[in-house]
Amino acid sequence: MSNVKSLLGQHKLNKTISIVVTIALLTLPAILSHSAVSASTSTGGSATSTEQLITDYTAQYIGQVNVGALPAPSASDATPVGLPDLSLTTQTQSGTPDPPAIITPGPQSFIHIVKSFAGTPGTNPNPCRCTPPDMGLAASSRFVVQMVNLAGTIWKNNGVRVTTFSLSDFWFLPVRGGPLGIGMSDPLVLYDAAADRFYASIIDTFDVNRVNFAVTATNDPTGAWYIYRVIANCNPVTPYSNCSPASSNTLPDQPYIGYSSDKFLIAVNDFDITTGLFIGAQYWILNKAEMLSGCTVPTSCPGGRNIDAVTNVVTTANNHWAIRPAQHLSTTSTAYMAENCLTLIDGLLLTNTCPTAPAGSGGINVFTITGTPPSATTVVVTTVPVAEMSFPGRADQPGNPASLGTNNALRMLSVVWRNNLLWTASHEGCTPPGDSTDRTCARLDQIDTTTSIPTLVPGQDFDLGFLGAYVFYPALSTDSNNNLVLLYGHSSLSLFPTLEVTGRLANMPPATLGASVLLVAGTAADYTGRWGDYFWAATDPATPNTFWVSGEYRSVSLFQGWSTQVGEISFNTK
């Protein structure tokens, strides 16, 4: 999160794990708990369970917006404010980990920067005076779209800017946010090549409990978009008429979105804004065809339509944290989501997201989704054992040891699926070979989904780390040949936070990456204590072995003076 945090304080649970949370003025009734798992089996070292779903649910159509008619964001004279985040902040995890391979980029050179240009900055056109940037990035054969904090920018894929527009106007929140732009946070934008449409999402933090999401009416992001929303922790068929007080007090943090051939996916972490407690990880599975149709059949404007959907039961007893829907880059009606295993706190009760993981190991929960609402929809969760992960700390920068916030505490940051292979990227803490200090590292895992029981690809559970330096906010994507691109932040006591790109060709040995290349060098320190919530990578759907990436860097240390960079990356596979 970013914008919402300007009104937040910090509340810490002083146990093995602490959560940085929202403090609000009102106290509302406690949230009820429900049973979440209906069945459980174990096969070949991987445990599976079936999720309990609420089938009587619909997402609501809000309206239509035309980007070409939107004004540019306006500047604000508001005073900058500090922005805490909602995250686990402990440095330890129970159990004795089996260390994964820790590698650095290798000598094989095949990565080229085709284009590199300035993305949306933290000063004008972002009027929120906030830090850090939260960004999504999407690319079609014609356009590149970025949404950052309160502004969106669209370029032609030759790098020529087409328009910059206000996200508050885009999401129908033009005045609610006030001068700080408080009212929305955590934007994402994706491109679905099979549907030839763009998607976007954001938290509606003014109404507290809403996730807005959108799809283009055509393949042109500068034209019309259909806007929808779902309500966090609200179960009825008509969620806007019968929500409980608990729902109105629920903040759905970091809504990640994904898609398959017939489903659209949203997943969030729900927090109670008065107690600061983590309520549970919630996700929605929606009928994509209904979503794409917008105001057309079967219901015409202005009434719009509701989208058939299902959601899970929201409770900390469901043992989930930071579920991430995958971008499905090849055709499949089966959809996947993933999360890391780690220990959480619900009040004073310690639970684990992968309670069946082998002792002394970690795991990744893979959610396999079949069926499409309103037809029967099933979610089966499989725990894939991997080397146990450690919580990441803070990163060094010149003159400021341990001052750079990585802020994601084992949140999975990037998930893509293609050709029955699921790649995930996460933050974790590791000690690189020859080092004596724990550093932040990027954990990469590749999982085979060919059979009904997802399994780890041998050797493809490893960390990217550097002696004396830090890696953070990894973002990945793959192409049709199963080549992988990886964008990451890199810093040390002698290196300002910098954006670099590495990757791997599909025919490379396990646990290897190619030589890294510099996307943009940071030249100034960050003094805010925060550094992004996530970076992003996308695959160019029209050009082989080509990707687009976006991340944060600084050339000035001014509070809102962060910058973003957009790069087009190509692989020489000959």
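The numbers attached to residues start from 1 for each chain and follow its sequence in the written order. The model is predicted, so local features are restricted to residues of pLDDT at least 70 and side-chain atom pairs to those at 80 or more, both for listing and for counting; the totals for chains, interfaces and linings are taken over all residues. Side-chain numbers here rest on the full set of heavy atoms in the structure, without hydrogens or water.

> Pulling in residues and values, what's your account of the overall build of the protein?
The helix and strand inventory of the protein stands at three helices and 39 strands. Looking at the protein residue by residue over its 574 residues, the buried ones come to 64%. Pairs at least 24 residues apart make up 66% of the contacts formed inside the protein by residues separated by at least 6 positions. A run of H or I in DSSP counts as a helix once it spans at least four residues, and a run of E counts as a strand once it spans at least two, with each numbered from the N terminus. Exposed residues in this analysis have more than 50% of their type's maximum accessible area, buried residues have under 20%, and partly exposed residues fall in between, with area computed by a 1.4 Å probe over protein chains only. We call two residues in contact when some of their heavy atoms are within 4.5 Å.

> I'd like to hear about the state of the cysteines, residue by residue, with values.
Cysteine sulfur pairs qualify as disulfides if the two atoms are within 2.5 Å. Scanning the model with the defined rule gives two disulfides in all. Note that Cys 234 is cross-linked by a disulfide to Cys 243, the S-S spacing being 2.0 Å. Taking the sign of the S-S torsion, -105° for the link of Cys 234 and Cys 243, the bridge is left-handed. Judged by relative accessible area, Cys 234 falls into the buried class, the value being 1%. Judged by its relative accessible area of 30%, Cys 243 is partly exposed. Cys 430 shares a disulfide with Cys 441; S-S distance 1.9 Å. A torsion of -70° about the S-S bond marks the disulfide between Cys 430 and Cys 441 as left-handed. With a gap of eleven residues between them, Cys 430 in strand S30 (residues 421-430) and Cys 441 in strand S31 (residues 439-448) connect regions that are remote in the sequence. As far as the burial class goes, Cys 430 and Cys 441 line up, both buried.

> Which residues make up the nonpolar core, and what values go with them?
We define the nonpolar core as a collection of buried residues of types Ala, Val, Leu, Ile, Met, Phe, Trp, Tyr and Cys that are connected through side-chain atoms lying within 4.5 Å of one another. Tyr 199, Phe 213, Phe 264, Ile 266 and Leu 286 are the most contacted members of the largest nonpolar core, which has 66 residues in total. In terms of residues, this core owes the most to one element, strand S15 (residues 224-231), which gives five residues. Core analysis: the next-biggest nonpolar cluster, separate from the first, contains 25 residues, Leu 70, Met 147, Trp 225 and Ile 227 among them.

> A description of the pairing of strand S10 (residues 151-156) should follow, citing residues and the corresponding values.
Within S10, five of the six residues are buried, which leaves it mostly tucked inside the rest of the structure. Here, strands pair whenever DSSP counts at least two bridges between them. As judged from the six bridges shared by strand S9 (residues 143-148) and S10, these two strands associate in the antiparallel manner. Note that in S10 the partner of Gln 146 across the bridge is Thr 153. Hairpin connection, S9 to S10: the antiparallel pair is bridged by two residues, and Asn 149 has positive phi, about 55°.

> Account for the layout of surface pockets, with residues named and values stated.
Using only the protein atoms, space was sampled on a 1 Å grid; points where a 1.4 Å probe fits but cannot get out form cavities, open sets with protein on both sides within 12 Å along at least five of seven lines form pockets, and lining residues are those with an atom within 4 Å of a point. Grid points are joined across faces, edges and corners, and a volume is the space filled by probe spheres set on the points. Considered as a void within the structure, the largest pocket measures approximately 420 Å³ in volume. Around the largest pocket, the lining comprises 34 residues; the ones closest to its centre are Ala 193, Leu 329, Arg 418, Thr 539 and Pro 541. Of all the elements in the fold, those that place two or more residues in the lining of the largest pocket are strand S8 (135-139), strand S12 (184-192), strand S21 (327-328) and strand S37 (536-539). The element contributing the most residues to the lining of the largest pocket is S37, with four residues. Put simply, Ala, Val, Leu, Ile, Met, Phe, Trp, Tyr, Cys and Pro go in the nonpolar bin, Asp, Glu, Lys and Arg in the charged bin, and everything else, Gly too, in the polar bin. By residue class, the composition of the lining of the largest pocket is 15 nonpolar, 14 polar and five charged.

> If you had to explain the confidence of the model for the protein to someone new, which residues and values would you point to?
Caution applies to low-pLDDT parts of the model: their predicted coordinates are not meant to be read in detail. The predictor's confidence in any single residue is recorded as pLDDT, a number from 0 to 100. Per-residue confidence for the protein averages 83 on the pLDDT scale, and 80% of its residues sit at or above 70. Note on residues 76-97: pLDDT is under 50 here. Beyond four places in sequence and across chains, it has 86 contacts. With pLDDT under 50 throughout, residues 346-350 is counted as low confidence; its partners more than four residues away or in other chains account for eight contacts.

> With reference to specific residues and values, describe the pairing of strand S19 (residues 306-312).
Within S19, five of the seven residues are buried, leaving the element largely enclosed by the surrounding structure. Note: strand S4 (residues 53-66) against S19, six bridges, orientation antiparallel. Following the sheet pairing, Tyr 57 is matched in S19 by Ala 309. Two elements, strand S18 (residues 278-287) and S19, share three bridges in a ladder whose sense is antiparallel. Across the sheet, Trp 284 pairs through a bridge with Thr 311, a residue of S19.

> Please give an account of the sheet that holds strand S38 (residues 546-554) that cites residues and values.
In spatial order, the strands read S7-S39-S38-S37; together these four strands make up an open sheet with antiparallel pairing. For this open sheet the edge positions go to strand S7 (111-118) and S37, each flanked by a neighbour on one side alone. Each adjacent strand pair in this sheet contributes to an overall mean axis angle of 25°, direction not counted. Pairing geometry for S37 and S38, over four bridges, is antiparallel. As a rule, the C-alpha atoms of each element are fitted with a line to give its axis, helices using only the stretch in contact, and angles between N-to-C directions run from 0 to 180 degrees.

> Run through the side chain of Asp 445, naming residues and quoting values.
Among the secondary structure elements, Asp 445 is positioned in strand S31. One buried charged side chain, Asp 445, makes no salt bridge at all; its nearest oppositely charged neighbour is Arg 443, positioned 4.2 Å away. Not counting residues up to four positions away in its chain, the partners in contact with Asp 445 are Ile 364, Val 386, Met 389, Leu 422, Trp 423, Thr 424, Leu 456, Gln 460 and Asp 461. Within this scheme the basic residues Lys and Arg register as positive and the acidic residues Asp and Glu register as negative, but His and the chain ends are omitted. Between Lys or Arg on one side and Asp or Glu on the other, a salt bridge is scored when a side-chain nitrogen of the former is within 4 Å of a carboxyl oxygen of the latter.

> Please provide a residue-by-residue account of unusual backbone geometry, values included.
Keep in mind that most residues, glycine aside, have a negative phi and that most peptide bonds are trans. Residue Pro 125 is reached from Asn 124 by a cis peptide bond, and omega for that bond is 20°. Relative to the helices and strands, Pro 125 is located in the loop between S7 and S8. Between Pro 373 and Pro 374 the backbone carries a cis peptide bond, its omega angle lying at 10°. With respect to the secondary-structure elements, Pro 374 resides in the loop between strand S25 (362-370) and strand S26 (378-386). Despite not being glycine, Val 208 has its phi angle at roughly 75°, a positive value. By secondary structure assignment, the location of Val 208 is in the loop between strand S13 (197-204) and strand S14 (210-216).

> Break down the pattern of salt bridges for me, with residues and values.
Evaluation of the coordinates by the stated rule reveals eleven salt bridges. Two residues, Asp 396 and Arg 439, come together in a salt bridge whose shortest N-O distance is 3.9 Å. Highlighted residues: Asp 396 in strand S27 (residues 395-397) and Arg 439 in strand S31, separated in sequence by 43 residues. Across the pair, exposure class does not vary: Asp 396 and Arg 439 are buried alike. Glu 428 is the salt-bridge partner of Arg 443, the closest N and O atoms lying 2.7 Å from each other. Of this pair, Arg 443 sits in strand S31 while Glu 428 sits in strand S30; the two residues are 15 residues apart in sequence, bridging distant segments of the chain. We note that Arg 443, like Glu 428, is buried.

> How would you summarise the sheet that holds S9 if you had to cite specific residues and measurements?
As summarised here, the arrangement of the four strands in space is S8-S9-S10-S11, forming an open sheet in which the pairing is antiparallel. On the outer flanks of this sheet lie S8 and strand S11 (161-166), each paired with one strand and no other. Each neighbouring strand pair of the sheet contributes to a mean axis angle of 10°, computed without reference to strand direction. In terms of strand pairing, S8 meets S9 through five bridges, oriented antiparallel. When the bridges of S9 are listed, Leu 137 appears paired with Gln 146.

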